[in-house]
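Now for the letters of each chain:
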Amino acid sequence: MRSTRIAISAAMLGALALPVLSATTASAAPAAVTAALASSCYDLPPLPYKVHASAVTIRSKATTKSTAVGLLYKSHKFTVHKKSGNWLYITDKSTGVKGWVSGTYVYRDVRMCLD
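Quick caveat: nothing in here was measured; it's all calculated off a predicted structure.

Q: Which parts of the structure should I look at to understand the packing of aromatic side chains?
A: Both the distance between ring centres and the angle between the ring planes are used here to describe each pair of aromatic rings. Inspection of the entire model under this criterion finds one aromatic pair. Here lysine 82 stacks its cationic end above the ring of tyrosine 89, 5.7 Å away from the centre of that ring.

If you want it as structure tokens, here you go:
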């Protein structure tokens, strides 16, 4: 886990330093090409939600005291229908189970757009 964080941090720092190091190259590029690259990142659809734990309990209501109706594993694909506070109402595409999961363990990945 620690080595993954270090690798991600190094990649992000490298990506942030790239525009500074290649300022002369970037200024020589045509304006249309740079505008197309910068705006294309924002035009992309949002990234999907992912489970960032080994498993998350799917519950009948948006509370930890409600009945468990299933489990959502890290590899399962799911659809988020709505949010209520820190809870997400989902449908597990593998099993068809619908219910609430805590947003503490399930969240949307983030895309970094560099202008």
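Q: It is not clear to me how the nonpolar core should be interpreted in this structure. Could you clarify?
A: Side chains of nonpolar character tend, in soluble globular proteins, to be buried together. Counting residues in hydrophobic clusters, the biggest one holds eleven residues: Tyr49, Val51, Ala53, Val56, Ile58, Leu72, Phe78, Leu88, Ile90, Val101 and Val106. Looking at this core, the elements with two or more residues in it are β1 (49–51), β2 (55–59) and β5 (87–92). Not counting chain neighbours up to four residues away, the residues in contact with valine 101 comprise Val56, Thr57, Ile58, Leu72, Asn86, Trp87, Leu88, Ile90 and Val106.

Q: Would you take a moment to explain the environment of asparagine 86 for this structure?
A: Residue placement: asparagine 86 occurs in the loop between β4 (78–84) and β5. Non-local contacts of asparagine 86, meaning those with residues more than four positions away in its chain, are made with Val101, Ser102, Gly103 and Thr104.

Q: Could you clarify how one ought to interpret the pairing of β4 in this entry?
A: Within a regular strand, the side chains alternate between the two sheet faces. In this sheet, β5 lies alongside β4 in antiparallel orientation, the contact comprising six bridges. Paired with valine 80 across the bridge in β5 is isoleucine 90. What sits between the antiparallel neighbours β4 and β5 is a turn of two residues, in which glycine 85 has the positive phi angle 65 degrees.

Cut-offs and rules
- Residues numbered from 1 in each chain as written.
- Predicted model: local features only at pLDDT ≥ 70, side-chain atom pairs only at ≥ 80, totals over all residues.
- Heavy atoms only, no water.
- Phe/Tyr/Trp six-rings, centres within 6.5 Å; stacked < 30°, edge-to-face > 60°.
- Lys NZ or Arg CZ within 6 Å of the ring centre and 35° of its normal.
- Core = buried A, V, L, I, M, F, W, Y, C linked by side-chain atoms within 4.5 Å.
- Buried < 20%, exposed > 50% of the residue type's maximum accessible area, 1.4 Å probe, protein only.
- Helix = DSSP H or I, 4+ residues; strand = E, 2+ residues; numbered from the N terminus.
- Contact = heavy atoms within 4.5 Å.
- Pairing = 2+ DSSP bridges.

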